[in-house]
Amino acid sequence: MVKYFNGSGFWGQSVSGNDMEKTELLLNKSTDGTNIPNPYTMKSIPEEERPYEKCLAMGAECLTDAELLAVILRTGSKGESALELSRKILAANGEGSGLLGIYHMSISDLTRIRGLGKVKAVQLKCVAELSKRIARTRFSDGVAFTDPSAVARYYMEAMRHQEQEILILAMLNSKGRLIRDMVISKGTVRASLISPREIFIEAMRHQAVSILLLHNHPSGVPDPSREDIALTKRIRSAGEMIGIELLDHIIIGDCRAVSMREQGFWQEKS
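Parameters at a glance
- Residues numbered from 1 in each chain as written.
- Predicted model: local features only at pLDDT ≥ 70, side-chain atom pairs only at ≥ 80, totals over all residues.
- Heavy atoms only, no water.
- Axes fitted to C-alpha atoms, helices over the stretch in contact; angles between N-to-C directions.
- Helix = DSSP H or I, 4+ residues; strand = E, 2+ residues; numbered from the N terminus.
- Parallel < 35°, antiparallel > 145°, perpendicular 65-115°, else oblique.
- Left-handed = near helix turned anticlockwise from the far one by under 90°.
- Contact = heavy atoms within 4.5 Å.
- Nonpolar A, V, L, I, M, F, W, Y, C, P; charged D, E, K, R; others polar.
- Buried < 20%, exposed > 50% of the residue type's maximum accessible area, 1.4 Å probe, protein only.
- Core = buried A, V, L, I, M, F, W, Y, C linked by side-chain atoms within 4.5 Å.
- Patch = residues over 30% accessible without salt bridge, like charges linked within 9 Å, V, L, I, M, F, W, Y side chains within 5 Å.
- Areas by Shrake-Rupley, 256 points an atom, 1.4 Å probe, with all protein chains shown as cover.
- Salt bridge = Lys/Arg side-chain N within 4 Å of Asp/Glu carboxyl O.

## Overview of the packing of helix α2 (residues 51-58) against helix α3 (residues 65-73)
Moving on, step 1. For the pair α2 and α3, interaxial distance at closest approach is 9 Å and the crossing angle is 110°. The orientation of α2 with respect to α3, classified from their angle, is roughly perpendicular. The two elements α2 and α3 meet at a crossing, and its hand is left-handed. The segment α2 lies against α3, with Pro51, Tyr52 and Lys54 engaging Glu67, Ala70 and Val71.
Moving on, step 2. Grouping the constituent residues of the contact of α2 with α3 by class yields four nonpolar, no polar and two charged.

This is the structure:
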């Protein structure tokens, strides 16, 4: 027995195996043959409130987070529209998590949300990564890697949401431009676990004249710890012997950063 809504209630009709292909058409028909709006499609939403139409009329900046996601997802799932699925995704990681929750969720986490399969989960993770790269690219052209605030802005979006500490080595040429950067360590950044040898092998391999170190504090507070200070002194001393200067060690927090050089850790020993 398949049930259909006719505007005032449900009525049933047995559907044989041969008739199953007609079910989708029947679901949107009343007893008198007229079309019934499907409450789970975008067409059931007033035209001015549909994400695509709203974007065309007012611009993408006028869309809510849920509407932007609905445009990316394109379709919903059984029993809910793309917009309803988007709202559910934004609420999935707890109240107030929103778009940031998507960044922190893995593909496996996302596919646990009813109605969200692997394809849509991959789409969302790729969009999150793309937004991070766009934010970083804004500062890539002409950024002066001798300016701590410019360096912090360049790496901020890539590092501030990390759930564990990562240490990045940035290698610079004689004009202070970035040759390449790479993750040296992931996990707790401790002086005893970081090898100056590994850092300077990479620097020499890329013919770097100077280097920068950056790491994040998942707590969001970028104040240097004792381990941060010990690591900085160790790498700086090794660089002086080799002839590749450590220009700075910048600690990234949540929309905040600390330059250890500006904090006075580069003062000459008396």
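## Let's talk about unusual backbone geometry
Moving on, step 1. Here the phi dihedral of Gln207 falls at roughly 55°; this positive angle occurs in a residue that is not glycine.
Moving on, step 2. Using a relative accessible area of 67% as the deciding quantity, one classes Gln207 as exposed.
Moving on, step 3. At Cys255, a position not held by glycine, the phi torsion is positive, near 65°.

## Here's the deal with helix α8 (residues 148-159)
Moving on, step 1. Across the twelve residues that make up α8, a large majority, nine, are buried.
Moving on, step 2. Every buried residue belonging to α8 is among Pro148, Ala150, Val151, Ala152, Tyr154, Tyr155, Met156, Ala158 and Met159, and all of these are buried.

## Quick word on the nonpolar core
Moving on, step 1. Core analysis: the largest hydrophobic core is formed by 20 residues, its most contacted members being Leu169, Ile199, Phe200, Ile211, Leu213 and Ile235.
Moving on, step 2. Counting only elements with at least two residues in this core, the list comes to β3 (166-172), β4 (178-186), α9 (196-205), β5 (210-216), α10 (226-242) and β6 (245-252).
Moving on, step 3. When sequence neighbours within four positions are dropped, the list of residues in contact with Ile211 reads Leu169, Ala170, Met171, Ile199, Phe200, Ala203, Ile235, Ile244, Glu245, Leu246, Leu247 and Asp248.
Moving on, step 4. Ranked by size, the runner-up nonpolar core spans 19 residues in total, among them Phe145, Ala150, Leu247 and Ile250.

## A closer look at a nonpolar patch on the surface
Moving on, step 1. Taken together, the side chains of Ile201, Met204, Met241 and Ile242 present a nonpolar region at the surface, about 420 Å² in accessible area.
Moving on, step 2. Sorting the residues of the nonpolar patch by element identifies α9 and α10 as the ones contributing at least two each.
Moving on, step 3. Relative to the helices and strands, Ile242 is located in helix α10.

## Description of the packing of α9 against α10
Moving on, step 1. Where α9 meets α10, the closest approach of the two axes is 10 Å, and the angle between their N-to-C directions is 45°. The orientation of α9 with respect to α10, classified from their angle, is oblique. Pair α9 / α10 crosses with right-handed handedness. Seen from α9, the contacting residues are Pro196, Ile199, Phe200 and Met204; seen from α10, they are Arg234, Ile235, Ala238, Gly239 and Ile242.
Moving on, step 2. Of the residues assigned to the contact of α9 with α10, the class counts are seven nonpolar, one polar and one charged.

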